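Below are the chains, spelled out letter by letter.
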Amino acid sequence: MSITKKKCVAMLLAGGQGSRLAPLTSSVAKPAVSFGARYKIIDFSLSNCVNSGIDTVGVLTQYQPLELNDYLGTGVTWDLNLRFGGLHILPPYQAAKGGDWFKGTANAIYQNINFLKIYDPDYVLVLSGDHIYKMDYSIMLKEHIENDADCTIAVIDVPLNEASRFGIMSTDKAGRITEFAEKPAEPKSTQASMGVYIFNTDTLIKYLVADEADPNSSNDFGKNVIPAMLNSGERLFSYLYKGYWRDVGTLGSYWEANMDAIGEVPKLNLNDPNWKIFYRHSYNPPQYLGVDADVTSSICGDGNRIDGKVKGSVLFNNVTIEKGARVTDSIIMSDCVIRKGASVEYAIIDTGAEICENVELGASRVDGDITVVAKDVTIGSDNVINPGTVVTEDVEQEGRI
């Protein structure tokens, strides 16, 4: 029995492998991938919780959790180091009746029903830890209560030609969901699920238990639990979100989301005083810009030394751009070095990589796909790396790849 109750507890799914983001996710979980010069992807969902007044968050981890767990710590960064509530890391575990990896999104919550019972919430907010957006969940919860809903699903309007990538809702005039289709070949609507759900706790547990008992289920909210609730006549409503949201599931969408934070009037404002994005600070020296530095339309972290030209790019911490080097429309992670005479364009360079003298890496967006250099890789001098190449090992010999 709980000492007291929580109105709403958030369950944040953060165990995904993110294989389409490889090689950025080769050694870290997708929510732990860096973003926007100083953040991690998971900072957005956590900050949304804090800004929405939700002070109890279970973070469900699984794939490559070491760096993510270390980053989350006790939750103090997000003011979630509470005596009752706060941030809890919830990995798969061995119980008396056995144990298993999380088999799907629904199974992950099912395995943590006892965690929910500790706080006895009236409502459970289920989130994904790999989306970039700023959303006030309290407004969605208010609508959920007003509609006397059993489940409310946040949706965003997408172009019709992209709708088949998402779970798609059809609703009546009151917003009640009448039909749900997971990645339909011929979508009947453009209201796409954002992977943000609010459930009445008792109803959620009822359907999770039934889903776990079904040997044919893939234990997924979109494929199994939501359709089962709809077929049983439960009250499901949509909540139309009109702000910025992006699923950074691919290298292309990850690059685009970072670029959305650049410019005089960015699509994604990372410096909104009314909706702060909390992140775990690292302590680095100030930036240094040399007399020959030319930095325009870019975001730069701390400890950088820039003597070259940077345009339309995102630089993380402790990046070195030597004199005569050019970085354009690119993402350069922490501790990277771009040597003199090198040209980096439309690329993602992971942590600790070194691009040596006179390397030509990538090309303009119209000329090819994103070029990616994996963590700690060195590209030797005078090499030419063609657009769209993913480099996962050191390149020593001068040539073209």
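Our structure is the block above this text.
Predicted model, so just to flag it, every value in this text is computed and none were measured.

J.: What exactly am I supposed to notice about helix α8 (residues 251-260) here?
T.: For an α-helix, the turn length of 3.6 residues means that residues three or four places apart are oriented alike. Of all 10 residues that make up α8, 8 are buried, and the element is covered over most of its length. Of all the residues in α8, the buried ones are Leu251, Ser253, Tyr254, Trp255, Ala257, Asn258, Met259 and Asp260.

J.: Teacher, can you tell me more about the pattern of salt bridges here?
T.: Oppositely charged side chains can pair when the atoms bearing their charge come close. Scanning the entire structure with this criterion turns up 17 salt bridges. Across the pair Lys5 and Asp120 runs a salt bridge whose closest N-O atoms are separated by 3.3 Å. A residue pair is termed long-range when its members are at least 10 positions apart, and Lys5 in the segment before β1 (8-13) and Asp120 in the loop between α4 (113-119) and β8 (123-128) qualify at 115 residues. The class for Lys5 is partly exposed, based on a relative accessible area of 41%.

J.: Looking at this model, I keep getting lost on the nonpolar core. Mind explaining?
T.: Inside soluble globular proteins, nonpolar side chains tend to come together where they are buried. Judged by nonpolar contacts, the single largest core of 73 residues is most densely connected at Leu46 and Tyr254. Ranked by residue count, the leading element in this core is α8, at 5 residues. If sequence neighbours within four positions are ignored, Leu46 has contacts with Leu12, Val57, Val59, Leu72, Trp78, Leu80 and Leu87. Counting residues in each nonpolar core, the second largest holds 30 residues, with Val9, Ala106, Tyr119 and Ile226 among its members.

J.: Which parts of the structure should I look at to understand the sheet that holds strand β26 (residues 343-345)?
T.: Strands pair in a sheet through their backbones, by hydrogen bonds, and they do so in one of two ways: parallel or antiparallel. Ordered by their spatial adjacency, 6 strands build an open sheet running β17-β20-β23-β26-β29-β32, and the pairing between neighbours is parallel. Across the chains shown, the open sheet's two edge strands, defined by having one partner strand only, are β17 (294-296) and β32 (384-385). Summarising the sheet, strand β29 (residues 360-362) and β32 pair through 2 bridges and their orientation is parallel. Bridge pairing in β32 places Glu360 opposite Val384.

J.: Before we go on, may I ask you to explain a negative patch on the surface in this structure?
T.: The grouping of Asp335, Asp376, Glu393, Asp394 and Glu396 at the surface amounts to a negative patch. Mapping Glu393 onto the fold places it in the segment after β33 (390-391). What makes Glu393 exposed here is its relative accessible area of 62%.

J.: Just to check I follow, could you spell out the layout of surface pockets for this structure?
T.: Rolled over the atoms, a probe as big as a water molecule pinpoints where empty space is left. Quantified by volume, the largest pocket comes out at close to 1600 Å³. Residue lining of the largest pocket: 50 residues in total, with Arg20, Ser128, Asp130, His131 and Asp247 positioned closest to the centre. Secondary structure elements with two or more residues in the lining of the largest pocket: α3 (105-110), β10 (151-157), β12 (177-182), β13 (191-200), α7 (221-231), β15 (245-247) and α8. By volume, the second largest pocket amounts to about 610 Å³. In terms of lining, the second largest pocket is formed by 28 residues, of which the most central are Ser34, Lys40, Glu67, Ser334 and Thr351. Every element with two or more residues in the lining of the second largest pocket is listed here: β3 (39-40) and α2 (66-72). Split into classes, the residues belonging to the lining of the second largest pocket amount to 10 nonpolar, 9 polar and 9 charged.

Conventions used here
Residues numbered from 1 in each chain as written. Predicted model: local features only at pLDDT ≥ 70, side-chain atom pairs only at ≥ 80, totals over all residues. Heavy atoms only, no water. Buried < 20%, exposed > 50% of the residue type's maximum accessible area, 1.4 Å probe, protein only. Helix = DSSP H or I, 4+ residues; strand = E, 2+ residues; numbered from the N terminus. Salt bridge = Lys/Arg side-chain N within 4 Å of Asp/Glu carboxyl O. Core = buried A, V, L, I, M, F, W, Y, C linked by side-chain atoms within 4.5 Å. Contact = heavy atoms within 4.5 Å. Pairing = 2+ DSSP bridges. Patch = residues over 30% accessible without salt bridge, like charges linked within 9 Å, V, L, I, M, F, W, Y side chains within 5 Å. Areas by Shrake-Rupley, 256 points an atom, 1.4 Å probe, with all protein chains shown as cover. Lys, Arg positive; Asp, Glu negative; His and termini not counted. Charge placed at Lys NZ, Arg CZ, Asp CG, Glu CD. 1 Å grid on protein atoms, 1.4 Å probe; cavity = no way out; pocket = protein on both sides within 12 Å on 5 of 7 lines; lining within 4 Å. Points joined across faces, edges and corners; volume = space filled by probe spheres on them. Nonpolar A, V, L, I, M, F, W, Y, C, P; charged D, E, K, R; others polar.

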